[in-house]
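What follows is each chain in one-letter form.
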Amino acid sequence: QSLFCKRSRYGVFINSDGFKGFYVLNTKGTYDNVRDDVWHVYDMVIDQDGNSLQPEYYFCMAEDQLGRVWMGSSQGLYYFSTDGNIGDVLSVVRPKVPRNDGTNYADFLLDSDQINSIAVDHSNRKWVATDFSGVYLVSANGDKIIKHFDTNNSPLPSNRVTAVVCDKNDNTVYFGTMEGLFSYKSDSSPAMDNYDDVYA
C-alpha cells in the first residue's frame, strides 16, 4: 500500500513481502526531482511514553485533516506528525482513552486488536475497522470512543470488518465485510462550497 500525503511532502509505504515495518519517503517538495529524495525505513517506533513498538504486521494507513499519518497494525494503531523533519528514529503517539472510573488511568486505544482499515470523516474523526470487534468511531485525537458497531448492536454479520470508507460527497460510511457491504449515515457531512444562502 502507498499513501502520498496531501498536507506534507511525505509518502508512506507498507510492504507486503513480510517486512515487519514500513517506509517513509521525504520528497522535499520536489516531486519532479527524485535525486534529492530521502528514504527512511522503520521496523521499530517509539511512543510518547518511551516504549518501543514492533508490530508484526501493518495493514492500513490514513492521513487526517491535520496532516498526521495514522497507522493500523497487528498491535492497534498510532499516529505520527509530518509537520517537521522525520529522522532515523520515529516518535509516535498511541492514543489513550481515559477509564473515567475515578482514577487517572487510561488504556491504549484498541491496542489488543488488529486494525484492518482507517477512514477519516469530515469532522476529522477516525473510523476504525478491526479484525475481532467490529467498527469504532473515535474522536479526532483518538482519546474518546464515540460509537462502537458490532454484531450485537448493528446489522453487521461479523465482527471482522475488512474495510471502512467515508464518502467524500455526503455523510455515508461504508463497512466492508466478507459477507457483503453495509452503509451507515453518520452525523458528519461535508462543508458547503458556498454559503450565500445562509443568513441570520
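Scroll up to find the structure this text is about.
Bear in mind that the values here come from a model prediction, so they are computed numbers and not experimental data.

Draft legend 1. Structural view of the layout of surface pockets. Empty space within the largest pocket amounts to approximately 600 Å³. Around the largest pocket, the lining is made up of 19 residues, and of these K6, A62, E63, V120 and K168 lie nearest the centre. If you list the elements that add at least two residues to the lining of the largest pocket, you get strand 1 (2-4), strand 7 (58-63), strand 12 (115-120) and strand 16 (163-166).

Draft legend 2. Representation of the nonpolar core in the model. Core analysis: the largest hydrophobic core is formed by 19 residues, its most contacted members being V12, F22, M71 and F80. The set of elements that each furnish at least two residues to this core consists of strand 2 (10-14), strand 3 (22-26), strand 7, strand 8 (69-73) and strand 9 (76-80). Considering each element in turn, this core owes the most residues, three residues, to strand 2. Dropping the residues within four chain positions of it, V12 is found in contact with Q1, S2, L3, F22, Y23, V24, M61, V69, M71 and F80. Grouped together as the second largest cluster of nonpolar side chains are 13 residues, A62, Y79, V128 and Y136 included.

Draft legend 3. Highlighting the sheet that holds strand 12. One open sheet holds the four strands; their spatial order is 12-13-14-15, and the pairing between them is antiparallel. At either margin of the open sheet sits one strand with a lone partner, and together these are strand 12 and strand 15 (145-149). Each adjacent strand pair in this sheet contributes to an overall mean axis angle of 20°, direction not counted. Here strand 12 runs beside strand 13 (residues 126-130); their pairing, made up of five bridges, is antiparallel. For A119, the partnering residue across the bridge sits in strand 13 and is W127.

Draft legend 4. Expanded view of the environment of Q48. Positionally, Q48 belongs in the loop between strand 5 (45-46) and strand 6 (52-53). A residue is classified by how much of its surface remains accessible, and Q48, at 35% relative accessible area, is partly exposed. Taking the C-alpha atoms as reference, Q48 lies 7.0 Å from S91; in sequence the two are 43 residues apart. Ignoring anything within four residues of it in the chain, the contact list for Q48 reads V92, V93, R94, K96 and F108. Polar side-chain contacts of Q48 include one of 2.7 Å to the backbone oxygen of R94.

Draft legend 5. Inspection of the side chain of K126 at higher detail. Summarising the element assignment, K126 is placed in strand 13. A distance of 2.6 Å separates a polar atom in the side chain of K126 from the backbone oxygen of N124. Setting aside anything within four residues of it in sequence, one finds K126 in contact with D64, R68, W70, A119, V120, Y136, L137, V138, S139 and A140.

Draft legend 6. Molecular detail of the pairing of strand 7. Across the six residues of strand 7, five count as buried, placing the element largely inside the fold. By the bridge criterion, five bridges tie strand 7 to strand 8 in an arrangement that is antiparallel. When the bridges of strand 8 are listed, E63 appears paired with V69. Counting the residues in the hairpin turn of strand 7 and strand 8 gives five residues, including G67, whose phi is positive at 85°.

Draft legend 7. The environment of G21, seen in detail. Along the chain, G21 falls in the loop between strand 2 and strand 3. On a C-alpha basis, the gap between G21 and K185 in space is 35 Å, while along the polypeptide they are 164 residues apart. For G21, the residues in contact, after removing those within four places along its chain, are Y42, D43 and Y58.

Draft legend 8. Layout of the sheet that holds strand 16. Read across the sheet, three strands follow the order 16-17-18 without closing on themselves; strand pairing throughout is antiparallel. In this open sheet, the two edge strands, each paired with only one partner strand, are strand 16 and strand 18 (180-185). Averaged over neighbouring strand pairs, the angle between their axes works out to 20° when direction is ignored. Relative to strand 17 (residues 172-177), strand 16 is paired through four bridges, and the arrangement is antiparallel. Pairing of V164 across the sheet is with F175, part of strand 17.

Draft legend 9. Spatial organisation of the pairing of strand 3. The element strand 3 is extensively covered by neighbouring structure, given that four of its five residues are classed as buried. Judged from the five bridges that link them, strand 2 and strand 3 form a sheet pairing that is antiparallel. Among the inter-strand pairings, V12 is bridged to a residue of strand 3, identified as V24. One ladder, built from five bridges, connects strand 3 with strand 4 (residues 38-42); its direction is antiparallel. For L25, the partnering residue across the bridge sits in strand 4 and is W39.

About the criteria used
- Residues numbered from 1 in each chain as written.
- Predicted model: local features only at pLDDT ≥ 70, side-chain atom pairs only at ≥ 80, totals over all residues.
- Heavy atoms only, no water.
- 1 Å grid on protein atoms, 1.4 Å probe; cavity = no way out; pocket = protein on both sides within 12 Å on 5 of 7 lines; lining within 4 Å.
- Points joined across faces, edges and corners; volume = space filled by probe spheres on them.
- Helix = DSSP H or I, 4+ residues; strand = E, 2+ residues; numbered from the N terminus.
- Core = buried A, V, L, I, M, F, W, Y, C linked by side-chain atoms within 4.5 Å.
- Buried < 20%, exposed > 50% of the residue type's maximum accessible area, 1.4 Å probe, protein only.
- Contact = heavy atoms within 4.5 Å.
- Pairing = 2+ DSSP bridges.
- Axes fitted to C-alpha atoms, helices over the stretch in contact; angles between N-to-C directions.
- Polar contact = N/O pair within 3.5 Å; in protein donor to acceptor, adjacent residues only side chain to side chain.

Interpretation in functional terms is not warranted from these geometric data alone.
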